[in-house]
Amino acid sequence: MVATPVGFSLVVLRNVALFSGLDDLELEKLSKVSGRKRVERGAFVVRAGESTDSLYVLLAGRAKVTNTDEDGREIILAWLGPGEFFGEMGLIDGSPRSANVVAAEACELLFLSKDAFQRCLQDNFQVAQKLMKTLVLRLREADRK
Ligand code: CMP
């Protein structure tokens, strides 16, 4: 996995739905603390059971959220596409990763450290609200399965 510790241009951040309520000053702050990663198809971005350090936003490519059953078979929990985020659960409650997230094709990712994520939530209620909405949607979706 290639990690580049450089910030993003405002144009990229303006197009991320999770950050759409933020003004340029807030986006500028975020651009200084966010990083970029490119992963190849088949790479695990996070693994179930690992400790949690970052929130990820998919900028390009698709990823699948998976777990394994008792026989080691893959269970696909969800598919994620550009603009969608993952890794919030472990950051919220401090638990290890609840699932794998695997690049289904080459992906470009933005990531925020735990500290940066928590500061962003504290400073921007709109971001916290969007995050909670997505969590509720995912919960409803999981309940339907
Ligand atoms: P986290 O537990 O930190 O790491 C794995 C991530 O996969 C998790 O956060 C969520 O972002 C995501 N995830 C887990 N379960 C689901 C699901 N049922 N639907 C969508 N995303 C999920």
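Scroll up for the structure.
Reading the values: rules and limits
Residues numbered from 1 in each chain as written. Predicted model: local features only at pLDDT ≥ 70, side-chain atom pairs only at ≥ 80, totals over all residues. Heavy atoms only, no water. Axes fitted to C-alpha atoms, helices over the stretch in contact; angles between N-to-C directions. Helix = DSSP H or I, 4+ residues; strand = E, 2+ residues; numbered from the N terminus. Parallel < 35°, antiparallel > 145°, perpendicular 65-115°, else oblique. Contact = heavy atoms within 4.5 Å. Nonpolar A, V, L, I, M, F, W, Y, C, P; charged D, E, K, R; others polar. Salt bridge = Lys/Arg side-chain N within 4 Å of Asp/Glu carboxyl O. Buried < 20%, exposed > 50% of the residue type's maximum accessible area, 1.4 Å probe, protein only. Pairing = 2+ DSSP bridges.

Engineer: I keep staring at the packing of helix 4 (residues 114-123) against helix 5 (residues 125-144) and nothing clicks. Help me out?
Structural biologist: In a packed pair of helices, the relevant descriptors are the angle between the two axes and the axis-to-axis distance. Remark: helix 4 packs on helix 5, axes separated minimally by 5 Å, with the N-to-C direction vectors making an angle of 105°. Between helix 4 and helix 5, the interaxial angle falls into the category roughly perpendicular. Contacts from Phe117, Cys120, Leu121 and Asp123 of helix 4 reach helix 5 at Phe125, Val127, Ala128 and Leu131. When the residues that make up the contact of helix 4 with helix 5 are grouped by side-chain class, the tally is seven nonpolar, no polar and one charged.

Engineer: Sorry if this is basic, but what is going on with the pattern of salt bridges here?
Structural biologist: Within this structure, the stated rule accounts for ten salt bridges. Between lysine 64 and glutamate 74 there is a salt bridge, with its nearest N and O atoms 3.2 Å apart. Of this pair, lysine 64 sits in strand 5 (residues 63-68) while glutamate 74 sits in strand 6 (residues 74-80), and the two are ten residues apart along the sequence. Residue glutamate 74 is classed as partly exposed on the basis of its relative accessible area of 45%. Between aspartate 71 and arginine 73 there is a salt bridge whose closest N-O contact spans 3.1 Å.

Engineer: Explanation requested: the sheet that holds strand 5 in the structure shown.
Structural biologist: Strands pair in a sheet through their backbones, by hydrogen bonds, and they do so in one of two ways: parallel or antiparallel. As summarised here, the arrangement of the four strands in space is 3-8-5-6, forming an open sheet in which the pairing is antiparallel. The open sheet has two edge strands, strand 3 (44-46) and strand 6, and neither has a second partner. On average, each strand axis in the sheet is inclined to that of its neighbour by 35°, with strand direction left out of account. Strand direction decides the pairing type here: strand 5 and strand 8 (residues 100-103), joined by four bridges, are antiparallel. Opposite threonine 66, over in strand 8, you have asparagine 100 as the bridge partner.

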